[in-house]
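Understanding the architecture of this molecule
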Amino acid sequence: MNKDVVIRLRMTQEEANDLNKKVLLTGLTKSSFIRVLIAGYIPKPKPDKEFYVLLHKLCAVCNDINQLTAKAHTLNFIDVPMLKEIKSQHENLLDEIHQKYLAPDKNDEIISLGRRRLKND
């Protein structure tokens, strides 16, 4: 696609700062960020490096499952120790993903504030 139309845009310094922060979080260029918005989507922040490490681990577990399946079809039996190891890797990976991206972080400050309020009541 030939992108030969240039659009100049006026905004306040606060709006420009806000735009720059949001663009930086996504890893997109300003032009790409605005094109995504125009297309009706809201860009998501770029995942951290740990996300890609976990994704790589997930691919490795999937590869192990494929190897186990191929072995089971070829030899007509399931390698139980290998199955248990893959199951363990899978469960550990799911726990790691849950802790990193889904479980709420513990906020000791809020906990101690709650304890002080209970103590004072």
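Before any of the text, the structure's been laid out above.
Just so we're clear, the structure is a prediction, and the values are computed from it rather than from any experiment. Residues take numbers from 1 onward in each chain, read along the sequence in its written order. Local features in a predicted model are, by the rule used here, given only for residues with pLDDT of at least 70; side-chain atom pairs are given and counted only at 80 or more, and totals for whole chains, interfaces and linings are based on all residues. The side-chain figures draw on all heavy atoms in the structure; neither hydrogens nor water molecules are used.

A short note on the environment of Phe33
- To qualify as a helix, a DSSP run of H or I must reach at least 4 residues; to qualify as a strand, a run of E must reach at least 2; elements of each kind are numbered from the N terminus. The topology assignment puts Phe33 in helix H2 (residues 30–38).
- With 10 residues separating them along the chain, Phe33 and Pro43 place their C-alpha atoms 6.9 Å apart.
- Two residues qualify as a contact provided that any one of their heavy atoms is within 4.5 Å of a heavy atom in the partner residue. Beyond its immediate chain neighbours, meaning those up to four positions away, Phe33 contacts Leu19, Lys22, Val23, Thr26, Leu28 and Pro43.

Description of the nonpolar core
- Among buried residues, the Ala, Val, Leu, Ile, Met, Phe, Trp, Tyr and Cys ones that are joined through side-chain atoms within 4.5 Å form a nonpolar core. For every residue, the accessible area (1.4 Å probe, protein chains only) is compared with the maximum for its type, and the residue is labelled buried under 20%, exposed over 50%, or partly exposed between those bounds. Leu54, Val61, Leu68, Ile86 and Leu93 together form the largest nonpolar core, which totals five residues.
- Broken down by element, this core gets its largest block of residues, three residues, from helix H3 (residues 49–75).
- When residues no more than four places from it in sequence are discounted, the contact partners of Leu54 are Leu93, Glu96, Ile97, Lys100 and Tyr101.

Topic: the packing of aromatic side chains
- When the centres of two rings from Phe, Tyr and Trp lie within 6.5 Å, Trp using its six-membered ring, the rings pair. Their planes under 30 degrees apart give stacked, over 60 give edge-to-face, and anything left gives tilted. Summed over the entire model, instances satisfying the criterion amount to two aromatic pairs.
- Ring plane angle 85° and centroid distance 5.2 Å describe the contact between Phe51 and Tyr52, whose orientation is recorded as edge-to-face.
- Between Phe51 and Tyr101, the ring centres sit 6.0 Å apart and the planes meet at 90°, which makes this aromatic pair edge-to-face. Of this pair, Phe51 sits in helix H3 while Tyr101 sits in helix H4 (residues 80–102), placing them 50 residues apart in sequence.
- In this structure Phe51 comes out as partly exposed when scored by relative accessible area, which is 30%.
- Note on Tyr101: relative accessible area 34%, which makes it partly exposed.

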